[in-house]
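This is what each chain is made of:
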Amino acid sequence: MVDLKRRIKIAKGEEKAQLVLKNCKIINVFSHEIIEGDIAIDDGKIVAVGKYEGFKEIDLKGLYASPGLIDGHVHIESSLVVVEEFAKAVVPKGTTCIIADPHEIANVCGIDGIEYILNASKDLPLDVFIMLPSCVPATKFETSGAVITDEDIKRLIDNERILGLGELMDYPSVINCNEEILKKVEAAKGKIIDGHGPFIEDKELLAYLASGVKTEHECSTLKEFVDRLRLGMYILIREGSAARNLTELIKAVNPYNLRRCLFCTDDRHPEDIIKDGHINNNLKIAVRNGLDPISAVVMATLNAAECYGLKYKGAIAPLYDADIVIFKDLIDFEPVLVFKKGELVAKDGKPLFEVKKFIDNKVLNKINIKGLKEDMFKIKFKEDFVNVIELVPFSLITRNVKKKVVLRDGEFKCEDNDGLLKLAVIERHKGTGNVGLGIVEGFGLKKGAIATTIAHDSHNLIIIGDNDKDMYIAALEAEKLKGGIIVVSQGKVLKELPLPIAGLMSDKDIETVNKDLSEIIEVAYNKLNVSRNFDPIMTLAFLALPVIPELKLTDMGLFDVKNACYLI
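What counts and what doesn't
Residues numbered from 1 in each chain as written. Predicted model: local features only at pLDDT ≥ 70, side-chain atom pairs only at ≥ 80, totals over all residues. Heavy atoms only, no water. Pairing = 2+ DSSP bridges. Helix = DSSP H or I, 4+ residues; strand = E, 2+ residues; numbered from the N terminus. Axes fitted to C-alpha atoms, helices over the stretch in contact; angles between N-to-C directions. Salt bridge = Lys/Arg side-chain N within 4 Å of Asp/Glu carboxyl O. Buried < 20%, exposed > 50% of the residue type's maximum accessible area, 1.4 Å probe, protein only. UniProt positions renumbered as here; feature names shortened; annotations may be inferred. Domains from an automatic or database assignment. Contact = heavy atoms within 4.5 Å. Buried area = accessible area lost by both parts, 1.4 Å probe.

Caption draft 1: How the structure looks around the sheet that holds strand S29 (residues 551-554). The 3 strands lie next to each other as S29-S30-S31, forming an open sheet whose pairing is antiparallel. Sheet topology places S29 and strand S31 (565-567) at the edges, where each strand pairs with a single neighbour. Each adjacent strand pair in this sheet contributes to an overall mean axis angle of 45 degrees, direction not counted. Pairing of S29 with strand S30 (residues 557-560), which is carried by 4 bridges, proceeds in the antiparallel orientation. Across the sheet, Leu551 pairs through a bridge with Asp560, a residue of S30.

Caption draft 2: The arrangement of the pattern of salt bridges in detail. Across all of its chains, the model carries 39 salt bridges by this definition. Across the pair Glu239 and Arg244 runs a salt bridge whose closest N-O atoms are separated by 3.8 Å. Exposure remark for Glu239: the relative accessible area of 5% places this residue in the buried category. One salt-bridge network, held together by shared partners, links Lys45, Asp127, Lys313, Asp321, Asp323 and Lys340.

Caption draft 3: Spotlight on unusual backbone geometry. The linkage connecting His456 with the following residue, Asp457, adopts the cis geometry, with an omega of -5 degrees. Note that Asp457 resides in the loop between strand S25 (449-452) and strand S26 (461-465). One non-glycine residue, Lys189, lies in positive phi territory at about 55 degrees. Its location among the elements puts Lys189 in the loop between helix H7 (179-187) and strand S10 (192-195). Notably, Ala564 is not glycine yet its phi reads approximately 50 degrees, a positive angle. Counting through the fold element by element, Ala564 comes out in the loop between S30 and S31. Look at Ala564 and you get partly exposed, because its relative accessible area is 43%.

Caption draft 4: A look at the UniProt feature "domain: Amidohydrolase-related" (unreviewed entry) in the protein chain. Mapped onto the present numbering, the UniProt feature "domain: Amidohydrolase-related" (unreviewed entry) falls on residues 65-345. Between the first and last C-alpha atoms of residues 65-345 the distance is 15 Å; the span itself is 35% helix and 21% strand.

Caption draft 5: A look at the domain arrangement of the protein chain. As far as domains go, the protein chain holds domain 1 (4-62), domain 2 (67-314) and domain 3 (364-566). One C-alpha centre belongs to domain 2, the other to domain 3, and the line joining them spans 29 Å. Between domain 2 and domain 3, the contact holds 28 residues from the first and 37 residues from the second. Note on domain 2 versus domain 3: buried area summed over both sides is about 2800 Å², and carbon and sulfur give 69% of it. The largest share of the area that domain 2 buries against domain 3 comes from Leu80, Phe141 and Thr143, three residues that together contribute 27% of it.

Caption draft 6: Representation of the pairing of strand S20 (residues 398-404) in the model. Of the strand pairs in this sheet, strand S19 (residues 385-391) and S20 are connected by 7 bridges, and their pairing is antiparallel. Following the sheet pairing, Leu391 is matched in S20 by Thr398. Between the antiparallel neighbours S19 and S20 lie 6 residues, among them Phe394 with a positive phi of about 60 degrees.

Structure follows, in structure tokens:
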């Protein structure tokens, strides 16, 4: 009752608030206007807006005050850093809340990975809410590190920071009423379910939505946007690192459908966060493409909060959390100050908080490879007309082509086949000894090998190279590092980035990780002559994903995506 009386007296102007932000241009996401005034904050909550006094006052001299920004769908693992370092990177960009899908670490560590993210993020000046991964393993065509069942979902779903079921990628199983996936949907107990259904249309789309799917972040065309919006879905407009859909989709946003649209990053890599920003980058791009600034802010705040049922977030109004971003202008959206529950946590792009990292032993030492030896990279064929993975420049799509190759006693060697490289996927979770082998065209690498334990979605060890010795050395180094990215040439490790957390993340700060990753990429281009038509690490990581056409490689073998079968 004391707190209630105090709030009422502060609002009446009879008592001073703990903090008052003076002379702001306040973005009102309810009335779609900018109101000049003060913001009274007490006990982490906004008490009132108007003319107020505080024990502490900060004169903002006409700067813009926005609610804290919300990322509606993000995989923290894509930043290559732990959640504590992720917070230090994105909070200064104005992001005060994220809806995270720990799909990547769950495919390696299962429930242990999800609980690790929950524990590591609980004391940060960044609200981290979780959507439980719905598809672990992602497919049955590769060996994953874990399985998440409907019973696992039931056990976790009541956690107050778990908002629902993560992206339902296996939409064929949904619309075909696969019992296993429907049990997961039912285990979510009516909480929100994220979609992941590009290209579905007509009655199949309706069947997908009948399962309870409510959001979509995979729209890439205006037709997809409109089709899903008409059916009541929330549209998460994505601007990530690999997938950049904002410039196209923002054309479809208008005053009538605005309130069903929000922003997300999905996968955003270290360089892009450092250089361009986070959700504030979505704001900047949206405004540059014709959306009015207040509408952009509404999408980045109130819409996201309402979509995911986050009470008292996403607005500057009485009783709302005092998560506030101060912008110099509504063009570049560079934060000057960031407040989290009334505490100043970032200034001029720099964090004002330190983090104590929580590292769980259950997410360490996740490399379990049996029988590593150099001759495991030998490829033998019965015929000299073989299937080759042909890369498509600036795309994750590959082509399945037949090529005549030169063989020596049935063995394929890169030195006899100019432009063709070996690709290996080595199972690294259960020590099965599985090794998938294939041939890639277009990558351009010479005299070396590149390896990474980031290989979507099951994250086995993937290696590309033009000789067995360097591929073997890269594999040994990945095992030694307990996960990471490695570049080898002529028997020497040229550069590496250790990723000890699940083989996916570093415990270093994002600037250090970005520096190491940038150097790896430059070494790949300049020393190994990788074609600049491809990001050497991102391209490699997606060559093991057996849901993107046409031809991919898993630890179980060469996989024809269109026909959903292995090629012998």
